[in-house]
Amino acid sequence: MKIITDERCAGYSRPGHPERPERILATLELLRRQTELPIEWAEPGRVSDAQILRAHAPELLARLQIPRDFDADTPFYENIAGFARASVAAALDALAAARAGDNVFSLMRPPGHHATRDQAMGFCYLNNIAIATLEAAATGAERVAVFDFDVHHGNGTEAILLNRPGVAFFSIHLHPFYPGTGGANAGKNCFNYPVAPYDPRETYRATLAQSLGDLKKFRPDLVAVSAGFDAYVCDPLVQGVLEVEDSFWLGQSLRAFGVPMFSLLEGGYSRDLPELIFAYLKGVEGK
Ligand SMILES: [Zn+2]
């Protein structure tokens, strides 16, 4: 298992904000201490403006330099542009590693799936998964599936990838819930699987299985995963229902497609996030 990470991504925070440095630091601590899964560590390289601008408006890059909060969830931080670019760079390196045959996970913050073409929102500044998906499509991938199992709808990813040929987006999420989108399919290529709040775990699992079945029918040559762990039963942000073993099952199910795949951390705010990620990685690795 290759993990792309950089401890410096813990270098920004605001008191009380759930998207906090400990998410990464505690996960690093567990992954370094465990002995079940051999890990190859790598630091992210760099990303060009041209790669970012496939997904975003130049105005968003300029806006990231202006020291003013984006919204109540999405503060301005000193050098947030640098942090966001490092997270994108890790996504692009994860894509390259997947193409080279590695099992790979990008353990970085900030997350990305709520960032739209011209707007930072929902703890997200640049859309890591959309940028990596468009990079893949621009460099030879013919059928890229994006699978988003974060409990929130990946509205930014959907908006950026809507009707792009050769790309399909599959999102499973609670609805209605933040950000309010994702109640129905969109365009020709965005498939949404809303689950109602307080639906039982069996329903959530069945919905995940259905979406994975539909993804398989798309016959992707590459799978990009927005791995959010906030559908977990103990997550503080939502009424989630999934257990640790469901993370393992997700990793295992995605592995079973047998095509190159990379995963990027999106949400997940509980104290058990390290265990959820570890379970997922074991599933991906087939352990
Ligand atoms: Zn989320």
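All figures in this text were calculated on a predicted structure; none of them were measured in a lab.

What counts, and where the lines are drawn
Residues numbered from 1 in each chain as written. Predicted model: local features only at pLDDT ≥ 70, side-chain atom pairs only at ≥ 80, totals over all residues. Heavy atoms only, no water. Axes fitted to C-alpha atoms, helices over the stretch in contact; angles between N-to-C directions. Helix = DSSP H or I, 4+ residues; strand = E, 2+ residues; numbered from the N terminus. Parallel < 35°, antiparallel > 145°, perpendicular 65-115°, else oblique. Left-handed = near helix turned anticlockwise from the far one by under 90°. Contact = heavy atoms within 4.5 Å. Nonpolar A, V, L, I, M, F, W, Y, C, P; charged D, E, K, R; others polar. Phe/Tyr/Trp six-rings, centres within 6.5 Å; stacked < 30°, edge-to-face > 60°. Buried < 20%, exposed > 50% of the residue type's maximum accessible area, 1.4 Å probe, protein only. Pairing = 2+ DSSP bridges. Donors = N, O, S within 2.8 Å, 3.2 Å for Na, K, Ca; no water. Tetrahedral: all angles 85-135°; square planar, octahedral: opposite > 155°, others 65-115°.

K.L.:
Got a minute to help me understand the packing of helix H8 (residues 244–255) against helix H9 (residues 273–285) in this structure?
P.N.:
In a packed pair of helices, the relevant descriptors are the angle between the two axes and the axis-to-axis distance. Their axes nearest at 7 Å, the elements H8 and H9 cross at an angle of 30 degrees. In terms of orientation, H8 lies roughly parallel with respect to H9. Taken as a pair, H8 and H9 cross one another with a handedness that is right-handed. Mapping the contact onto sequence places Val 244, Ser 247, Phe 248, Leu 250, Gly 251, Gln 252, Leu 254 and Arg 255 in H8 and Glu 275, Leu 276, Ala 279, Tyr 280, Lys 282, Gly 283, Val 284 and Glu 285 in H9. Considering only residue class, the contact of H8 with H9 consists of eight nonpolar, four polar and four charged.

K.L.:
Sorry if this is basic, but what is going on with the packing of aromatic side chains here?
P.N.:
The geometry of two aromatic rings is summed up by the distance between their centres and the angle between their planes. If you walk through the whole model with that rule in mind, you get 11 aromatic pairs. When the centroid spacing of 6.2 Å and the interplanar angle of 45 degrees are considered together, the rings of Phe 147 and Phe 149 count as tilted. Each of the two residues, Phe 147 as well as Phe 149, counts as buried. Measuring from centroid to centroid gives 5.7 Å for Phe 229 and Tyr 280, while their planes differ by 70 degrees, and the two rings are edge-to-face.

K.L.:
I keep staring at the sheet that holds strand S2 (residues 40–42) and nothing clicks. Help me out?
P.N.:
Pairing between sheet strands relies on hydrogen bonds along the backbone, with the strands arranged either parallel or antiparallel. Read from one edge of the open sheet, eight strands run S2-S1-S3-S8-S7-S4-S5-S6, paired in parallel fashion. If you trace the sheet from one side to the other, it starts and ends with S2 and strand S6 (190–195), each paired once. Each strand axis lies, on average, 15 degrees off the axis of its neighbour in the sheet, ignoring direction. Pairing geometry for strand S1 (residues 2–5) and strand S3 (residues 104–107), over four bridges, is parallel. Bridge pairing links Lys 2 to Val 104 in S3.

K.L.:
Please clarify how the coordination of the zinc ion should be interpreted in this entry.
P.N.:
Donor atoms from the polypeptide that coordinate the zinc ion comprise Asp 150 (OD), Asp 150 (OD), His 152 (ND1) and Asp 230 (OD), at 2.0 to 2.7 Å from the metal. Considering all four donor atoms around the zinc ion, angles at the metal cover 53 to 154 degrees and the coordination shape is irregular. Look at where the donors of the zinc ion fall in the sequence and you get D-x1-H-x77-D. Under the relative-accessibility criterion, Asp 150 is labelled buried at 1%.

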